[in-house]
Amino acid sequence: MAFFTLPPKQSKALPIVNPETGQDTIPLPTTHFKHGAPNPQTKKSAKTQATLAQDLWFPPPPVETPPAFDAHEQYARGFDVYAPTFVPAALKQINEYAGTVIDTFPKTHIDYLQYISGILPTSLLPALPRPQFADNLSSEAPHLSPQCYEKYFRSLIEVELAYQRKENASYSLYGHTGILKFNDPNEPTVTITVPGLRENTPNVQVDDEVQLRQLRFDYGGHFESSFFPWTGYIYNARVSAVVRATETLVLRVAGITYHTAEVVTPTMIPPWPTEFVVKFNIQFFVPMVRYTPMMDVLPHITQSLDLAEQVLKNDFDALDSFIDEVTHNGSAGPKANELATTNVYWNQSMLFPTEADCISQTHVVNWLEHYDSTRFDESLNYEQRIAVDSVLCQNYGTMPYLISGPPGTGKTKTMIEIALQLVRNVPNCAHILVCAPSEPAADTLADRLSKSMSRNELLRLNRPTRDSREVLSNLLPYCYMQNDVFALPPFAQLMSYRIIVTSCRDASMLMYARLTNSDLHTVTSTLHQQIHPTLPPTSKSRLHWGALLIDEAAQAMEPEALIPLHVVSPPLKGPEPLFTPLVIMAGDEQQLNPRTSCPSTPLQESLFARLFKRPVYANHPLARRLAKDAQPPQQQYQLHPDLLPILRPPFTNLIRNYRSHPAILAMPSKLFYFDTLVAEADRHERNRLKSWSGWRGRRWPILYHDNPSPDDLEAPSPESPSSTATTGGWFNVGEAHLACQYALSLFRSGLVKQSEICIMSPFKAQVRLIRSLIRSEQYGMMWEVNVGPTEAFQGLEHGVVILCVTRSRKRFVERDRGLGWGILPGGVRQESQAGGGIRNQLNVALTRAKFGLIILGSREVMMEHEKQEGEEEEDDDDSKDVEKNKGPPTSKTGGEKGTEWAQIIAFCERNGCIADSNQVSSKSSTSAQNNSRNNNGEGQLTKWETNLLSTGRDREHSMSSDASGSGASVTGSGSASGTMEWSDVDEF
């Protein structure tokens, strides 16, 4: 791995000239070492290296030492640090030549037509609706509404495909080394190393297409650029295996032979070798199989939305006719061909719910006594039981039931209980579909359900191209396989499963196999009429799928969530269903959005997040932002009779966090969840690092370390110098060493294991640097420490998290925000309308830790917007009144001004949780603390700090008479700057 600081070196033939100053010498940033630059010629012993690592524990520069770089002139002007790597034109031009194309066909494939014809009379199936194509596909999509729903999302998908093609083109490799193997003459393979594969850049899966063009090199290994530089064959290979740990791809290449590959000469005598080193130009295709189901489901949704609009219009016309008929005749005749209202409006109620879809509550009900059932998990808390019982009672209306589950609150646990209760205790709900956006999340759901379901009741449905080695070994018995390949079970067997768990994408297997509620009902009712023509049609229809549960719904693009939604939707024509299908979604819209190639697109807003913005959810009196002041939390669901009648809430806000120490949870709760979270992690577990010597101030398990060491941009890896990818982003050598030093200190304390320590950074370059350092002898070769990018830790937890911000210089930070890089959100006004992905990444980073959080970053960069946001607070009263009239806050900061990092650092400063080595000067520290304590008042404190403060004051007055107290003392006046430590925290 190579890192560079622009320019890497100066040419003697052509001096590098600064275009502004005219100087031919450009000063470079320098890195300061505590004991001088290391001498590469000196080989240190293991003991010396261990001593050096211990000595480097806190490497503070002298206070009077000026910065090692100019914060405003870090890089040479005239250089684009984001520019792709230079690739010779001769290599690039090869990809434009025509040649003989040899395709490698998929190894696994489902013939849906054959599957359908073997189980259902295809002549009875309803005709598929025709798609509606957008007139002008542009980056500006039409407005989202039921009238242009399909055009809206089809245009967005087309734009996303264009960005995906552009992104994949940046991953192209030129003159790249591959190992050609002829171990199996019928299926030659090529093994290549792909930089960034471990971080899914590119995102390659089994059976994806990869294009290879073999280059010609002479015997000296030099590229023959002048005469027939390639063999003329274009191999569209297929991925056979993906090894992300080593960033290796194994490709099946049809049509390549000893002779077409030109690896043998007439003088070579058989048997020939089976392995050869060859060079290729490599391009990565966009796998359309990931996007085709999303586009194919849109016509079905549009058909139902159009019918609902038409029926609504006809209802108004019919009402006028009914009034006229009654006026003239005194009565009205029966209506013919009346459609079931529930079926017609079901999709519209799921996608565009309003207050009309809700049911009103007119009297106070004790929810926990209203529905009496045996629980499969008796450890459910109050809010989780409210969610389960609300779904089972089905008294909130016909609309999605949303479960807002912040980190560590047990939303998956709640969904498992709901699934088991539906199939065990709810009549006419015998079969349900459970989905998640990703395969690991779906595996987690299936794994937990398998503890209560038999193999005949539960199916983990996988697409045929999925590698069986990715599936948990204990889940394989719950999967259906043919010839060691995942497949659709036979029709009778598939219909017998009570719960089918799959990803949202793989739910398309049920859609293409015509096993949706609509298709199954149409065939069943038509056959019934043909077999029993004299019998009247049934008054109620019994649907196969009774409910859809989507976990981690906030990570699914809306068109992706439509696939399972269409599977369970009732038929448009037919009688009222005996049991109306339910839709329950659980997720956290404040964490990672759906991943897209387009940096700013409405596709980054999930259906789950969009629904929560609908007035029926957002303006409900029990919404999180309105119920944040309820004390205790149970009061959020205990209504006062004066509030009645009220719409029953079609949602539940989970608030009890069982993961993190309250000091770690305090700021995420304030910034992202309107101060509603309650820390209920095990007291012994959360205090495991109580005796670690690294904590400061009140000795809470949170620490901020101001690290001004210079950052830089990664150069291409020497293993792939011809890649056009724009590097792995920023890295920071000083920060990487500091993170490793903290990890080493924590491990040597004996309080945590290596596997409980996590180091994360939003930049892949910094991740690779830290991995190489933490596994070196200098830091004890700690291979079990988890190091990865921020987004990789979504849904995971670790004992200690060392968070590396990485960026330390202001230049290019705005450019990073535009690209969606990093975890440095801008001001409140700079929040993206598409989803605020950087803020969500920050939330993920802050909420992974259980009993220790260490933040490394430059205070100057992290507090960049503090001044301008602070200036807004000095506006006159009129401007404040204008702000108040704008309505409820919608930003993820809960309406607070200032950036998230400014508030986090202020929290650490007023509680003394600052690393001693880089303490701010006394003047700046005093001003910052005065600003947070005096100017802003106690209103800027987190609710947890306020509770500590008020309880500390009460304890001051009652300590002499309270013999049952914990014995902890509160000094001073009880202000936020008191000395409450671990013993005080344990009481909250």
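What you are looking at is a predicted structure, and each value in this text was computed from that prediction instead of being measured.

Bringing the overall build of the chain into the picture now. Counting its regular elements, the chain contains 29 helices and 29 strands. Only carbon and sulfur atoms are counted for the fraction: they give 52% of the accessible area of the chain, which is about 44,400 Å².

Applying the stated criterion to the full structure yields 20 aromatic pairs. Ring geometry for Y112 and Y512: centres 5.6 Å apart, planes at 50°, overall tilted. Here Y512 lies in helix α12 (residues 508-512) and Y112 lies in helix α3 (residues 112-117), a separation of 400 residues in the sequence. When its relative accessible area of 24% is taken as the criterion, Y512 is described as partly exposed. Summarising the aromatic geometry, the rings of F612 and F651 are spaced 6.3 Å apart at their centres and angled 65° between planes, so their arrangement reads as edge-to-face. Taken together, the residues F612 in helix α15 (residues 607-612) and F651 in strand β20 (residues 651-653) connect sequence positions 39 residues apart. Grouping residues by exposure puts F612 and F651 together as buried. One aromatic cluster is present, built from ring pairs that chain together Y149, Y152, F153 and F352. The ring of F352 has R610 lying over it, and the distance from NZ or CZ to the ring centre is 5.0 Å. When the ring centre of W730 is taken as reference, the NZ or CZ atom of R807 above it lies at 3.8 Å.

Averaged over every residue, the pLDDT of the chain is 79; residues scoring 70 or more account for 72%. In this model, residues 22-78 is a region of pLDDT below 50 whose contacts with residues beyond four sequence positions or in other chains number 76 contacts. Counting interchain partners and residues more than four positions distant, the pLDDT-below-50 stretch residues 955-984 has 53 contacts.

A word on the sheet that holds strand β9 (residues 401-404). Taken in spatial order, the seven strands make up an open sheet running β11-β14-β10-β16-β18-β9-β20, and their pairing is parallel. With one partner strand each, in any of the chains shown, β11 (458-460) and β20 form the two edges of the open sheet. Neighbour to neighbour, the strand axes of the sheet diverge by 15° on average, direction disregarded. The pairing of strand β10 (residues 431-436) with strand β14 (residues 499-503) spans five bridges and is parallel. Along β14, the bridge assignment pairs C435 with T502. The strands touched by helix α14 (residues 558-568) are β10, β16 (545-550) and β18 (582-587); relative to β16, the strand with the most contacts, the crossing angle is about 165°.

The final tally for this structure, using the stated rule, is 36 salt bridges. Across the salt bridge formed by E439 and R460, the nearest N and O atoms sit 2.7 Å from each other. Taken together, the residues E439 in helix α10 (residues 439-449) and R460 in strand β11 connect sequence positions 21 residues apart. Its relative accessible area of 1% is what places R460 among the buried residues.

Look at helix α8 (residues 382-393): 16 Å from first C-alpha to last across twelve residues, which is about the 16 Å you get at 1.5 Å a residue. Counted residue by residue, α8 has eleven buried out of twelve residues, so it is predominantly covered. By the burial criterion, the buried members of α8 are Y382, E383, Q384, I386, A387, V388, D389, S390, V391, L392 and C393. If you check the start of α8, you find a side-chain oxygen 3.2 Å away from the backbone N of E383, and it comes from N381.

In this section: the sheet that holds strand β23 (residues 702-706). Strand order across the open sheet formed by five strands is β23-β29-β28-β26-β27, with parallel pairing between neighbours. Only two strands of the sheet have a single neighbouring strand rather than two, namely β23 and β27 (786-789). Here the average twist between neighbouring strands, direction ignored, is 20°. As paired elements, strand β26 (residues 757-761) and strand β28 (residues 798-804) share four bridges and run parallel to each other. Bridge pairing in β28 places I759 opposite I802. Contacting β26, β27 and β28, helix α20 (residues 764-774) crosses the sheet at an angle of about 170° to β27. The strands touched by helix α26 (residues 900-910) within the sheet are β23, β28 and β29 (849-857), with β23 carrying the most contacts at an inclination of about 110°.

Turning next to the side chain of S541. Along the chain, the position of S541 falls in strand β15 (residues 540-541). Among the polar contacts made by the side chain of S541, one reaches the main-chain carbonyl oxygen of P575 at a distance of 3.5 Å. Every residue in contact with S541, bar those within four places of it in the chain, is listed here: H521, P575, E576, P577 and L578.

Turning to unusual backbone geometry, a few remarks are in order. In this chain, T201 is followed by P202 through a cis amide linkage whose omega measures 10°. As for its placement among the helices and strands, P202 is situated in the loop between β3 (189-193) and β4 (209-215). Look at Q394: it is not a glycine, yet its phi comes out positive at around 55°. Positionally, Q394 belongs in the loop between α8 and β9. With a relative accessible area of 29%, Q394 lands in the partly exposed category. Phi at R699 takes a positive value of approximately 65°, unusual for a residue other than glycine. Within the fold, R699 resides in the loop between α18 (683-686) and β23. The class of R699 is partly exposed, set by a relative accessible area of 24%.

Conventions adopted
Residues numbered from 1 in each chain as written. Predicted model: local features only at pLDDT ≥ 70, side-chain atom pairs only at ≥ 80, totals over all residues. Heavy atoms only, no water. Helix = DSSP H or I, 4+ residues; strand = E, 2+ residues; numbered from the N terminus. Areas by Shrake-Rupley, 256 points an atom, 1.4 Å probe, with all protein chains shown as cover. Phe/Tyr/Trp six-rings, centres within 6.5 Å; stacked < 30°, edge-to-face > 60°. Buried < 20%, exposed > 50% of the residue type's maximum accessible area, 1.4 Å probe, protein only. Lys NZ or Arg CZ within 6 Å of the ring centre and 35° of its normal. pLDDT = per-residue confidence, 0-100. Contact = heavy atoms within 4.5 Å. Pairing = 2+ DSSP bridges. Axes fitted to C-alpha atoms, helices over the stretch in contact; angles between N-to-C directions. Salt bridge = Lys/Arg side-chain N within 4 Å of Asp/Glu carboxyl O. Expected span 1.5 Å × (residues − 1). Polar contact = N/O pair within 3.5 Å; in protein donor to acceptor, adjacent residues only side chain to side chain.

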